[in-house]
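Now for the letters of each chain:
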Amino acid sequence: MKTKSVLVSAMVCIGMIVACGGTASRSQAGDLADTRSEEGKKIGKLEITVDYKRQDGRGSNQYAVWVEDAVGNLVKTLYVTRFTAGGGYKKRPDCTPLWVTKAHAPSLSKEQIDAFSGATPQTGAHVYTWDGTDQEGKETEPGSYTFVVEATYLGSHIVLFKGEFDTGHTEITLTPEPEFNSDESQNRDMIQKVTARYIPAS
């Protein structure tokens, strides 16, 4: 009788060990699947280099850099000159009007503006990086996006640089052509070149 009792106890213990082992394995597999899922969704980074030449006089030196989704919705503002972001567009409606519209600038809080605005830069190459997140810091979905650089170089005269890219596993470099809204030549060299490089997640 005692032998039978010991045998039953041993079988129960073995059953518990197997069950626990099975549960742990399923949990580990689930964690691994979640990790793979997160890695699969992870977006790399986009580095946008703006070759800028500071101009003399008023009505110039304003620009904005942002990323938008495939249907044209603004995903994240990377940089806007402080004068424009702080309300300068109210005094000078020609200051980066496309960004003002897409960003719903009048509704932005001071904290939001402070996060991406900065003083008018000095002449030189300036790099702005998109890390794959939206304005709230949430990771976006993989897919097609467009970066935009909009600059008001004199009064109502504006130039746009736009480049579409896919957040896949291939590194790409884009050098978009400028799109001017007029033939005005003064200050036309304010934004001399824009280059963007998408670096996939490792």
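Residues numbered from 1 in each chain as written. Predicted model: local features only at pLDDT ≥ 70, side-chain atom pairs only at ≥ 80, totals over all residues. Heavy atoms only, no water.

Participant: How would you summarise the overall build of the protein chain if you had to cite specific residues and measurements?
Facilitator: When you go through the protein chain residue by residue, the secondary structure sums to 4 helices and 10 strands. When the helices and strands of the protein chain are read in sequence order from the N terminus, they spell out α-β-β-β-α-α-α-β-β-β-β-β-β-β. A burial count over the protein chain gives 37% of its 202 residues as buried. Taken as a whole, the protein chain presents about 11,700 Å² of accessible surface, with 53% of it coming from carbon and sulfur. (Helix = DSSP H or I, 4+ residues; strand = E, 2+ residues; numbered from the N terminus. Buried < 20%, exposed > 50% of the residue type's maximum accessible area, 1.4 Å probe, protein only. Areas by Shrake-Rupley, 256 points an atom, 1.4 Å probe, with all protein chains shown as cover.)

Participant: Tell me about the confidence of the model for the protein chain, and please be specific about residues and values.
Facilitator: Confidence along the protein chain averages 85 in pLDDT terms, with 80% of residues attaining 70 or more. Within the model, pLDDT remains below 50 along residues 1-38, and this stretch shows 0 contacts once partners closer than five positions in the same chain are excluded. (pLDDT = per-residue confidence, 0-100. Contact = heavy atoms within 4.5 Å.)

Participant: If you had to explain the packing of aromatic side chains to someone new, which residues and values would you point to?
Facilitator: Evaluation of the coordinates by the stated rule reveals 10 aromatic pairs. Summarising the aromatic geometry, the rings of Tyr 63 and Tyr 79 are spaced 5.2 Å apart at their centres and angled 50° between planes, so their arrangement reads as tilted. Of this pair, Tyr 63 sits in strand E2 (residues 62-69) while Tyr 79 sits in strand E3 (residues 74-81); the two residues are 16 residues apart in sequence, bridging distant segments of the chain. Considered together, Tyr 63 and Tyr 79 belong to a single accessibility category, that of buried residues. Relative to Phe 116, the ring of Trp 99 has its centre 6.0 Å away and its plane inclined at 75°; by these criteria the two rings are edge-to-face. Of this pair, Trp 99 sits in helix H3 (residues 97-102) while Phe 116 sits in helix H4 (residues 110-116), placing them 17 residues apart in sequence. On the accessibility criterion, Trp 99 (0% relative accessible area) is buried. (Phe/Tyr/Trp six-rings, centres within 6.5 Å; stacked < 30°, edge-to-face > 60°.)

Participant: Tell me about unusual backbone geometry, and please be specific about residues and values.
Facilitator: Its identity as a non-glycine residue notwithstanding, Thr 96 has a phi of 35°, on the positive side. Its location among the elements puts Thr 96 in the loop between helix H2 (82-91) and H3. Phi is positive for His 104, close to 50°, though the residue is something other than glycine. Here His 104 is to be found in the loop between H3 and H4. A residue is classified by how much of its surface remains accessible, and His 104, at 54% relative accessible area, is exposed.

Participant: Can you lay out the sheet that holds strand E1 (residues 45-52) for me, pointing to particular residues and giving the numbers?
Facilitator: Strand order in the open sheet made by the 4 strands is E5-E1-E10-E8, with antiparallel pairing throughout. Whereas interior strands pair on both sides, the edge strands pair on one side only; in this sheet they are strand E5 (124-130) and strand E8 (172-174). Recorded for the sheet is a direction-independent mean angle of 15° between the axes of neighbouring strands. In the sheet, E1 pairs with E5 via 7 bridges, with the strands oriented antiparallel. (Pairing = 2+ DSSP bridges. Axes fitted to C-alpha atoms, helices over the stretch in contact; angles between N-to-C directions.)

Participant: Describe in detail the pairing of strand E7 (residues 157-166), supporting the description with residues and values.
Facilitator: Of the pairings in the sheet, the one linking strand E6 (residues 144-154) to E7 comprises 10 bridges and is antiparallel in character. Paired with Val 148 across the two strands is Lys 162, which belongs to E7. As consecutive antiparallel partners, E6 and E7 are separated by 2 residues, and within that stretch Gly 155 has a phi angle of approximately 55°, a positive value.

Participant: Residue-level account of the sheet that holds E6, with values.
Facilitator: If you trace the 6 strands from one edge of the open sheet to the other, you get E4-E3-E2-E6-E7-E9, paired in mixed fashion. Whereas interior strands pair on both sides, the edge strands pair on one side only; in this sheet they are strand E4 (117-118) and strand E9 (179-180). Inspection of the sheet shows E2 paired to E6 by 8 bridges, in the antiparallel sense. Bridging across to E6, Glu 68 finds its partner in Thr 146. Relative to E3, H2 is tilted by about 100°, and along the sheet it contacts E2, E3 and E4.

Participant: A description of the nonpolar core should follow, citing residues and the corresponding values.
Facilitator: Leu 46, Ile 48, Val 50, Tyr 63, Val 65, Trp 130 and Ile 191 are the most contacted members of the largest nonpolar core, which totals 27 residues. Looking at this core, the elements that each hand over two or more residues are E1, E2, E3, E5, E6, E7 and strand E10 (191-199). Considering every element that reaches this core, the biggest residue donor is E6, with 6 residues. Judged by nonpolar contacts, the second largest core, of 14 residues, contains Ala 64, Trp 66, Ala 85 and Phe 116. (Core = buried A, V, L, I, M, F, W, Y, C linked by side-chain atoms within 4.5 Å.)

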